[in-house]
Amino acid sequence: MSDKPLSDLVQKGWEVVSYSATDASGTAYQHSVLLRRSGEHKIVVLRKKILGDGVVVDSELDL
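Every value quoted in this text rests on a predicted model; they were computed, and no experiment measured them.

### A look at the confidence of the model for the chain
In this model, the chain carries an average pLDDT of 86, and 92% of its residues clear a pLDDT of 70 or more. Per-residue pLDDT, averaged within each element of the chain, yields its smallest value for strand S4 (residues 55-62) (86) and its largest for strand S3 (residues 40-48) (91).

Structure, rendered in C-alpha coordinates:
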(Lines give C-alpha, C1' and ligand atoms only; values in the text may rest on other atoms or scores of the structure.)
Protein backbone atom coordinates (compact mmCIF):
# COMPACT_ATOMS: atom_id res chain seq x y z
CA MET A 1 0.00 0.00 0.00
CA SER A 2 0.97 3.61 -0.43
CA ASP A 3 1.46 6.27 2.24
CA LYS A 4 -2.32 6.79 2.09
CA PRO A 5 -3.69 3.30 2.80
CA LEU A 6 -7.13 4.52 3.86
CA SER A 7 -7.53 6.55 0.65
CA ASP A 8 -6.50 3.48 -1.35
CA LEU A 9 -9.19 1.36 0.33
CA VAL A 10 -11.89 4.02 -0.21
CA GLN A 11 -10.96 4.18 -3.90
CA LYS A 12 -11.48 0.40 -4.03
CA GLY A 13 -15.06 0.85 -2.82
CA TRP A 14 -14.71 0.56 0.97
CA GLU A 15 -16.86 2.95 3.02
CA VAL A 16 -15.71 4.33 6.38
CA VAL A 17 -18.30 3.35 9.01
CA SER A 18 -16.51 4.30 12.25
CA TYR A 19 -13.18 5.61 13.53
CA SER A 20 -11.34 5.73 16.85
CA ALA A 21 -7.88 6.71 18.08
CA THR A 22 -6.06 5.29 21.10
CA ASP A 23 -2.83 6.09 22.85
CA ALA A 24 -0.52 3.10 22.32
CA SER A 25 1.49 2.97 25.57
CA GLY A 26 2.19 6.69 25.55
CA THR A 27 4.44 6.55 22.48
CA ALA A 28 2.12 6.96 19.50
CA TYR A 29 -1.51 6.95 18.53
CA GLN A 30 -3.13 4.05 16.76
CA HIS A 31 -6.08 4.84 14.53
CA SER A 32 -8.70 2.12 14.08
CA VAL A 33 -11.11 2.38 11.15
CA LEU A 34 -14.14 0.18 10.55
CA LEU A 35 -14.83 -0.22 6.82
CA ARG A 36 -17.76 -1.76 4.93
CA ARG A 37 -18.18 -2.94 1.32
CA SER A 38 -20.96 -5.12 -0.10
CA GLY A 39 -21.86 -6.70 3.23
CA GLU A 40 -18.22 -7.30 4.20
CA HIS A 41 -16.58 -5.53 7.15
CA LYS A 42 -12.93 -4.87 7.91
CA ILE A 43 -11.04 -3.17 10.74
CA VAL A 44 -7.80 -1.46 9.75
CA VAL A 45 -5.35 -0.22 12.39
CA LEU A 46 -3.05 2.58 11.22
CA ARG A 47 -0.03 4.11 12.92
CA LYS A 48 2.58 6.70 12.05
CA LYS A 49 5.78 5.42 10.45
CA ILE A 50 8.70 5.08 12.86
CA LEU A 51 11.10 6.58 10.32
CA GLY A 52 9.96 9.21 7.85
CA ASP A 53 6.56 10.69 7.15
CA GLY A 54 3.27 8.95 6.53
CA VAL A 55 1.35 6.08 8.03
CA VAL A 56 1.44 2.30 7.74
CA VAL A 57 -1.19 -0.38 8.22
CA ASP A 58 -0.40 -2.02 11.54
CA SER A 59 -3.05 -4.73 11.10
CA GLU A 60 -6.16 -5.67 9.11
CA LEU A 61 -8.96 -7.83 10.45
CA ASP A 62 -11.70 -9.18 8.19
CA LEU A 63 -14.97 -9.63 10.05
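### A few points about the pairing of strand S2 (residues 28-37)
Look at any regular strand and the pattern is simple: side chains alternate between the two faces of the sheet. The sheet contact formed by S2 and S3 spans eight bridges and is antiparallel. Along S3, the bridge assignment pairs Gln 30 with Arg 47.

### Regarding the pairing of S4
Direction of pairing for S3 relative to S4: antiparallel, over a ladder of seven bridges. Of the residues in S4, the one forming a bridge with Leu 46 is Val 57. Counting the residues in the hairpin turn of S3 and S4 gives six residues, including Gly 52, whose phi is positive at 90 degrees.

The rules we used
- Residues numbered from 1 in each chain as written.
- Predicted model: local features only at pLDDT ≥ 70, side-chain atom pairs only at ≥ 80, totals over all residues.
- Heavy atoms only, no water.
- pLDDT = per-residue confidence, 0-100.
- Helix = DSSP H or I, 4+ residues; strand = E, 2+ residues; numbered from the N terminus.
- Pairing = 2+ DSSP bridges.

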